[in-house]
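Working through the structure, step by step
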Amino acid sequence: GLAVNLEIKPATGYEEVTGATVAALAVSQPPRAGLLLSSFSEPALLAAKALAPEVERAVLVEQIPSDWPELLARHEAVALHASARLLDNVTAQAIISAGIPLACYTVNDLAQARSLLALGVSSVFSDRPDLLLNM
């Protein structure tokens, strides 16, 4: 019953081919329900979208840019993933209020995870999921 966030991590100069390859593999391995492709690389996400538009995408950013609505629209992304360390609560609230799932990385502290979820963040990424089991 778990969903999968598959992050596309291309090497420099291989963004498009990596995005297309990951998307091709994703659609060749059913079931696709619960699969989300994400990346910091816009060219990789655009290549994945071109090859497999039916697979949902999320944009990964370190800090949420002021043009986040345009960024999400360009990729037809269903979610935004951002660094918890650089999260601006006002921008986070605008995203959440717009109905966009916002996930934060890398959260290895239970109190921080609780605070983010109380803010309305939909999920957190952690190197220590054992800590989050106590939520």
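So, here is what we can say about the structure in this document. Here the structure is a predicted model, which is why all the values come from computation and not from measurement.

A closer look at the pairing of strand 3 (residues 56–61)
The buried fraction of strand 3 amounts to five of the six residues, a majority that puts the element mostly inside the structure. For strand 2 (residues 35–39) and strand 3, the ladder comprises four bridges, and the chain directions are parallel. When the bridges of strand 3 are listed, L36 appears paired with E56. Since strand 2 and strand 3 lie parallel, the crossover through helix 2 (residues 42–51) that links them has a hand, and here it is right-handed. With respect to chirality, the unit in which strand 3 leads through helix 3 (residues 68–75) into the neighbouring parallel strand 4 (residues 79–83) is right-handed.

Some thoughts on the environment of S83
With respect to the helices and strands, the residue S83 is situated in strand 4. When the C-alpha positions of S83 and E62 are compared, they lie 5.0 Å apart, and in sequence the two are 21 residues distant. The residues contacting S83, other than those within four sequence positions of it, are V61, E62 and Y105. A polar side-chain atom of S83 sits 3.2 Å from the main-chain amide nitrogen of R85.

Considerations on the pattern of salt bridges
According to the stated counting rule, one finds four salt bridges in the structure shown. The salt bridge involving R74 is made with E42; its shortest N-O contact spans 2.9 Å. Here E42 lies in helix 2 and R74 lies in helix 3, a separation of 32 residues in the sequence. Judged by its relative accessible area of 37%, R74 falls in the partly exposed class. Residue class for E42 comes out partly exposed when judged on its relative accessible area of 28%. R128 is the partner of D130 in a salt bridge, and the nearest nitrogen-oxygen pair spans 2.7 Å. Owing to a relative accessible area of 40%, D130 belongs among the partly exposed residues under this scheme.

Overview of the environment of N89
Structurally, N89 is set in helix 4 (residues 89–97). N89 gets classed as partly exposed once you look at its relative accessible area, which sits at 46%. Spatially, the C-alpha atoms of N89 and G13 are 34 Å apart, while their sequence positions differ by 76 residues.

The rules behind these values
- Residues numbered from 1 in each chain as written.
- Predicted model: local features only at pLDDT ≥ 70, side-chain atom pairs only at ≥ 80, totals over all residues.
- Heavy atoms only, no water.
- Buried < 20%, exposed > 50% of the residue type's maximum accessible area, 1.4 Å probe, protein only.
- Helix = DSSP H or I, 4+ residues; strand = E, 2+ residues; numbered from the N terminus.
- Pairing = 2+ DSSP bridges.
- Right-handed = clockwise from strand over helix to strand, strands pointing away.
- Contact = heavy atoms within 4.5 Å.
- Polar contact = N/O pair within 3.5 Å; in protein donor to acceptor, adjacent residues only side chain to side chain.
- Salt bridge = Lys/Arg side-chain N within 4 Å of Asp/Glu carboxyl O.

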